[in-house]
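# Structural characterization, general
Each chain, written out:
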Amino acid sequence: MLGKKYYSVMALRIIVIISAVVGTFLSAYAGRDSFMGGKSVFMYFTIQSNIALAITCGVGLFFMAKKRITGKAWDIIRLVATVSITLTGVVFCFVLAPTMGSDAWNFQNVLTHVVVPIASVADFMIAGTKHKVEIINVLWVIVPPIIYAIYAGIGYMAGWHFSEDTTYPYFFLNWGSPAGAFGFTNELPFMGCMWWIIALFTLLLIVGYLYLTGNDKRLQEIMSYVNGEGISDSER
């Protein structure tokens with residue numbers, strides 16, 4: 001008989017998929033002059049990470065239905081995706097939203113920046129990984145943001161429009177601000193793009209480390225349980 005954990009993970013993954021799809025659609029449907037609205041919506045890390053999580057959860061549901069045993073590579077992919085969406089939620093709630101006022105908390109932003117991150121982290125914490133993932137693999141969590149930072153930098157130099165009047169996706173990736181790359185200023189963005197990137201990468205590594213160490217403790221508890229320390233012979 002399938003347990004509460006199985007159904008909890010299934011429910012969380014369905015929530016992620018529905019919230020990411022609906023949030024992305026509503027964001028794309030919104031006017032181009034709104035934050036992450038219109039056709040340019042797919043140029044933002046938020047939407048890209050939401051799509052990645054929807055795909056990851058969809059594949060995860062397929063594996064659950066087929067009772068397929070996954071390898072360590074899949075565990076690392078889930079870790080990277082979960083940390084990426086954590087970055088999305090943290091940056092929006094604590095960095096972007098305070099500069100946007102009440103406009104920040106529309107329905108699509110709540111779905112893509114709050115619901116999806118919370119459900120994704122809960123999924124990772126409950127489902128965990130099937131294998132022990134060495135701490136060195138935490139370095140993988142900065143790969144998507146590095147690729148995006150390069151992408152956004154190319155877009156800035158090429159003059160791509162992320163919104164109607166900006167050639168950068170987020171204020172902290174505005175290389176033409178008074179702070180430039182390594183400077184500081186008394187107004188947004190307060191410090192240069194490179195300082196923001198370093199700070200965010202550091203946050204990612206810390207979060208990834210915490211997720212992995214928490215997962216290791218969970219795996220140790222499971223192994224102790226399976227090996228008979230928590231159950232009798234008749235229950236194995």
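Below you will find a few notes about this structure. (Residues numbered from 1 in each chain as written. Predicted model: local features only at pLDDT ≥ 70, side-chain atom pairs only at ≥ 80, totals over all residues. Heavy atoms only, no water.)

Each helix and strand counted, the protein chain has 6 helices and 0 strands in total. Written out in order from the N terminus, the α and β elements of the protein chain read α-α-α-α-α-α. Within the span of the protein chain, comprising 236 residues, buried residues form 46% of the whole. Entry remark: accessible area of the protein chain is about 12500 Å², with carbon and sulfur atoms responsible for 69%. (Helix = DSSP H or I, 4+ residues; strand = E, 2+ residues; numbered from the N terminus. Buried < 20%, exposed > 50% of the residue type's maximum accessible area, 1.4 Å probe, protein only. Areas by Shrake-Rupley, 256 points an atom, 1.4 Å probe, with all protein chains shown as cover.)

Applying the stated criterion to the full structure yields 2 cavities of 30 Å³ or more. In this model, the largest cavity occupies a volume close to 230 Å³. What lines the largest cavity is a set of 18 residues, among which Phe-45, Leu-87, Tyr-170, Phe-172 and Leu-200 lie closest to the centre. Put simply, the parts of the chain that give the lining of the largest cavity at least two residues each are α2 (45-66), α3 (72-100), α5 (143-158) and α6 (193-226). Of all the elements, α3 adds the most residues to the lining of the largest cavity, at 5 residues. Residue composition of the lining of the largest cavity, grouped by class: 15 nonpolar, 3 polar and no charged. Each pocket or cavity is described by its volume, and for the second largest cavity that value is around 50 Å³. It is α2 that provides the largest number of residues to the lining of the second largest cavity, a total of 3 residues. Broken down by class, the residue content of the lining of the second largest cavity amounts to 2 nonpolar, 3 polar and 3 charged. (1 Å grid on protein atoms, 1.4 Å probe; cavity = no way out; pocket = protein on both sides within 12 Å on 5 of 7 lines; lining within 4 Å. Points joined across faces, edges and corners; volume = space filled by probe spheres on them. Nonpolar A, V, L, I, M, F, W, Y, C, P; charged D, E, K, R; others polar.)

Our next topic: α3. Three or four residues apart is the spacing at which side chains of an α-helix point the same way, because the helix has 3.6 residues per turn. Between the first and last C-alpha of α3 there are 40 Å, a value that for 29 residues agrees with the 42 Å anticipated at 1.5 Å per step. Maximal helix bending in α3 amounts to about 45°, located at Phe-92. Downstream of α3 by a residue or two, Gly-101 has a phi angle that is positive, lying close to 70°. (Expected span 1.5 Å × (residues − 1). Bend = angle between axes of the 7 residues up to and from the residue.)

What follows concerns α2. In this model α2 runs 31 Å from its N-terminal to its C-terminal C-alpha over 22 residues, within 8% of the 32 Å that 1.5 Å per residue would give. Just downstream of α2 lies Lys-67, where phi reads positive at about 55°.

Counting across every chain of the model gives 3 salt bridges. A salt bridge links Arg-78 to Asp-123; the nearest nitrogen and oxygen atoms lie 3.9 Å apart. Highlighted residues: Arg-78 in helix α3 and Asp-123 in helix α4 (residues 107-127), separated in sequence by 45 residues. On the basis of relative accessibility, which here comes to 6%, the residue Arg-78 falls in the buried class. Each of the salt bridges in this network shares a partner with another, and the network as a whole consists of Arg-13, Arg-78 and Asp-123. (Salt bridge = Lys/Arg side-chain N within 4 Å of Asp/Glu carboxyl O.)

With that out of the way, let us pick up the packing of aromatic side chains. Summed over all chains, the structure comprises 19 aromatic pairs. Arranged with centres 5.5 Å apart and planes meeting at 85°, the rings of Tyr-6 and Tyr-7 form a pair that is edge-to-face. Overall, Tyr-6 belongs to the partly exposed group, its relative accessible area being 22%. The rings of Tyr-44, Phe-45, Tyr-148, Tyr-151, Trp-160, Phe-162, Tyr-170, Phe-171, Phe-172 and Trp-196 are connected pair by pair, giving a single aromatic cluster. (Phe/Tyr/Trp six-rings, centres within 6.5 Å; stacked < 30°, edge-to-face > 60°.)

Counting 39 residues, the largest nonpolar core has Val-141, Tyr-148, Tyr-170 and Phe-172 as its most contacted members. Every element with two or more residues in this core is listed here: α2, α3, α4, α5 and α6. In terms of residue count, α3 provides more of this core than any other element does, 10 residues in total. In contact with Val-141, other than residues within four places in its own chain, are Leu-79, Val-80, Val-83, Leu-204 and Leu-205. In terms of nonpolar packing, the next biggest core, distinct from the first, is built from 10 residues, Leu-12, Ile-85, Val-116 and Ala-119 among them. (Core = buried A, V, L, I, M, F, W, Y, C linked by side-chain atoms within 4.5 Å. Contact = heavy atoms within 4.5 Å.)

Another aspect to go through is the packing of α2 against α4. Axis separation between α2 and α4 bottoms out at 11 Å; the angle between their running directions is 35°. Between α2 and α4 lies a crossing whose hand is left-handed. Across the interface between the two elements, Thr-46, Ile-47, Asn-50, Leu-53 and Cys-57 of α2 pack against Thr-112, His-113, Val-116, Ser-120 and Asp-123 of α4. Taken together, the residues that form the contact of α2 with α4 break down as 4 nonpolar, 5 polar and 1 charged. (Axes fitted to C-alpha atoms, helices over the stretch in contact; angles between N-to-C directions. Left-handed = near helix turned anticlockwise from the far one by under 90°.)

No statement about biological role is implied by the geometric values presented.
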